[in-house]
Amino acid sequence: QVQVVESGGGLVQPGGSLRLSCAASGVTFSNYVMSWYRQAPGKERELVARIGRAGRTNSGASAKGRFTISRDDAKNTAYLQMNSLKAEDTAVYYCNADQYGLGRDLYWGQGTQVTVSS
């Protein structure tokens, strides 16, 4: 059984930081491209950041300069370090695991809520 579980969300003040974690089980983690997406109410789900099997990364415009994606294959976990948070970052953040990055075998977590508010 494949499971993808996000954690680390919560309430943070503008300018603050959070680190989200995405733990995957039931997969050969090193074979998966890992991504973070987010979706705010009434908005389309958007890519936040992605990290490939060899550690190559890309990110959406909103994340550049503020968010960093990383992975620890020994722990079967991907991370999203979020700094300089803004109110507009408020959303449910979802983790996606994509086997070989082919868009064929994909697994989603349940999401974790991030709320940025003073």
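This text goes with the structure placed above it.
Since this is a predicted model, take the numbers as computed values, not measurements.

> Any details on the pairing of strand β5 (residues 46–51)? Residues and values, ideally.
Pairing between strand β4 (residues 32–39) and β5: five bridges, direction antiparallel. For R38, the partnering residue across the bridge sits in β5 and is E46. Between the end of β4 and the start of β5, which pair antiparallel, lie six residues, with G42 showing a positive phi angle near 75°. Summarising the sheet, β5 and strand β6 (residues 57–59) pair through three bridges and their orientation is antiparallel. Within β6, the position partnered with R50 by the bridge is N58. Count of turn residues in the β5/β6 antiparallel hairpin: five residues, of which G55 carries a positive phi of about 95°.

> How would you summarise the packing of aromatic side chains if you had to cite specific residues and measurements?
Per the counting criterion, the structure on display carries two aromatic pairs. With centroids separated by 6.3 Å and ring planes inclined at 50°, the aromatic side chains of Y32 and Y107 adopt a geometry described as tilted. Taken as a pair, Y32 in strand β4 and Y107 in strand β10 (residues 106–108) lie far apart in primary sequence, 75 residues in all. Under the relative-accessibility criterion, Y32 is labelled buried at 5%. Stacked on the ring of Y94, the Lys or Arg R45 has its end atom at 3.9 Å from the ring centre. The lysine or arginine in question, R45, covers the ring of W108, its NZ or CZ lying 4.7 Å from the ring centre.

> I'd like to hear about the sheet that holds strand β8 (residues 77–82), residue by residue, with values.
On the basis of which strands lie adjacent, the open sheet formed by four strands has the order β1-β3-β8-β7 and antiparallel pairing. Each edge of the open sheet is held by one strand with a lone partner, namely β1 (3–7) and β7 (67–72). Geometrically, the sheet is characterised by an average inter-axis angle of 15° between neighbouring strands, direction not taken into account. As paired elements, β7 and β8 share six bridges and run antiparallel to each other. Its bridge partner being in β8, I69 is matched across the sheet by L80.

> Can you break down the pairing of strand β9 (residues 91–99) residue by residue, with the values?
Moving residue by residue along a regular strand, the side chains alternate between the two faces of the sheet. β9 sits mainly inside the fold: nine of its nine residues count as buried. Pairing of β4 with β9, which is carried by eight bridges, proceeds in the antiparallel orientation. Directly across from S35, in β9, lies its bridge partner N96. Of the pairings in the sheet, the one linking β9 to strand β11 (residues 112–116) comprises three bridges and is antiparallel in character. Residue V92 lies in a different strand from β11, and its bridge partner there is Q113. Both β9 and β10 contribute to a ladder of three bridges, which runs antiparallel. From the neighbouring strand, N96 faces β10, where its bridge partner is W108.

Rules of the game
- Residues numbered from 1 in each chain as written.
- Predicted model: local features only at pLDDT ≥ 70, side-chain atom pairs only at ≥ 80, totals over all residues.
- Heavy atoms only, no water.
- Pairing = 2+ DSSP bridges.
- Helix = DSSP H or I, 4+ residues; strand = E, 2+ residues; numbered from the N terminus.
- Phe/Tyr/Trp six-rings, centres within 6.5 Å; stacked < 30°, edge-to-face > 60°.
- Buried < 20%, exposed > 50% of the residue type's maximum accessible area, 1.4 Å probe, protein only.
- Lys NZ or Arg CZ within 6 Å of the ring centre and 35° of its normal.
- Axes fitted to C-alpha atoms, helices over the stretch in contact; angles between N-to-C directions.

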